[in-house]
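Here is what each chain is made of, one letter per residue.
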Amino acid sequence: MAEYIKQDGTTEQVRPANGRDFTLEELQDYCCGYVQEVSLRDGRVMWCNEDGKVYGLELNERATAIAEDAGALIAGDYVVGDVLICKDKEVL
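Residues numbered from 1 in each chain as written. Predicted model: local features only at pLDDT ≥ 70, side-chain atom pairs only at ≥ 80, totals over all residues. Heavy atoms only, no water.

**Some remarks on the pattern of salt bridges**
Oppositely charged side chains can pair when the atoms bearing their charge come close.
Step number 1: With the rule as written, the count across this model stands at four salt bridges.
Step number 2: Put simply, Glu 3 and Arg 62 hold a salt bridge, and the shortest N to O gap is 3.4 Å. Taken as a pair, Glu 3 in strand β1 (residues 2–5) and Arg 62 in helix α2 (residues 61–69) lie far apart in primary sequence, 59 residues in all.
Step number 3: The partner of Lys 53 in a salt bridge is Asp 77, and the shortest N-O contact between them spans 2.4 Å. (Salt bridge = Lys/Arg side-chain N within 4 Å of Asp/Glu carboxyl O. Helix = DSSP H or I, 4+ residues; strand = E, 2+ residues; numbered from the N terminus.)

Next comes the structure, spelled out in structure tokens:
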């Protein structure tokens, strides 16, 4: 089961369409565009919109806090837009 975190902070538990692995297309649908992988060092990855800052997507405070706690961001960086967090092995 994966966690879908919308930019407004609401969350939803989601599953891949095939029940096992998220496809690139599914990741892009959740993140509304091209995706970037952020390793969370605990076997999970955060997928976010690669161009979210360029497009002016809103700050995702919850996702930013998760990434900061995992040491996945450099000082002053932040996460924008909707994100999907899943286990590394849940992606094709």
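Picking up after the structure, the text goes on.
**Remarks on a nonpolar patch on the surface**
Step number 1: On the surface, a nonpolar cluster with roughly 340 Å² of combined accessible area is contributed by Val 54, Tyr 55 and Leu 57.
Step number 2: Locating Tyr 55 in the fold gives a position in the loop between β4 (44–49) and α2.
Step number 3: With relative accessibility at 60%, the residue Tyr 55 sits in the exposed group. (Patch = residues over 30% accessible without salt bridge, like charges linked within 9 Å, V, L, I, M, F, W, Y side chains within 5 Å. Areas by Shrake-Rupley, 256 points an atom, 1.4 Å probe, with all protein chains shown as cover. Buried < 20%, exposed > 50% of the residue type's maximum accessible area, 1.4 Å probe, protein only.)

**Structural notes on the side chain of Glu 90**
Step number 1: With respect to the helices, strands and loops of the structure, Glu 90 is situated in the segment after β5 (83–87).
Step number 2: We note that Glu 90 is buried and unpaired, the nearest opposite charge coming from Lys 87 at a distance of 6.0 Å.
Step number 3: A polar contact is formed between the side chain of Glu 90 and the backbone nitrogen of Lys 87, at a distance of 2.8 Å.
Step number 4: In this structure, Glu 90 is in contact with Met 1, Arg 20, Asp 21 and Phe 22, ignoring residues within four places of it in sequence. (Lys, Arg positive; Asp, Glu negative; His and termini not counted. Polar contact = N/O pair within 3.5 Å; in protein donor to acceptor, adjacent residues only side chain to side chain. Contact = heavy atoms within 4.5 Å.)

**Section: the pairing of β5**
Step number 1: For β5, the buried fraction is high: four of the five residues fall into the buried class.
Step number 2: As judged from the three bridges shared by β1 and β5, these two strands associate in the antiparallel manner. Within β5, the residue paired with Glu 3 across the bridge is Ile 85.
Step number 3: With four bridges connecting them, β4 and β5 associate as antiparallel partners. Bridging across to β5, Trp 47 finds its partner in Leu 84. (Pairing = 2+ DSSP bridges.)

Any functional reading would require information that these geometric values do not contain.
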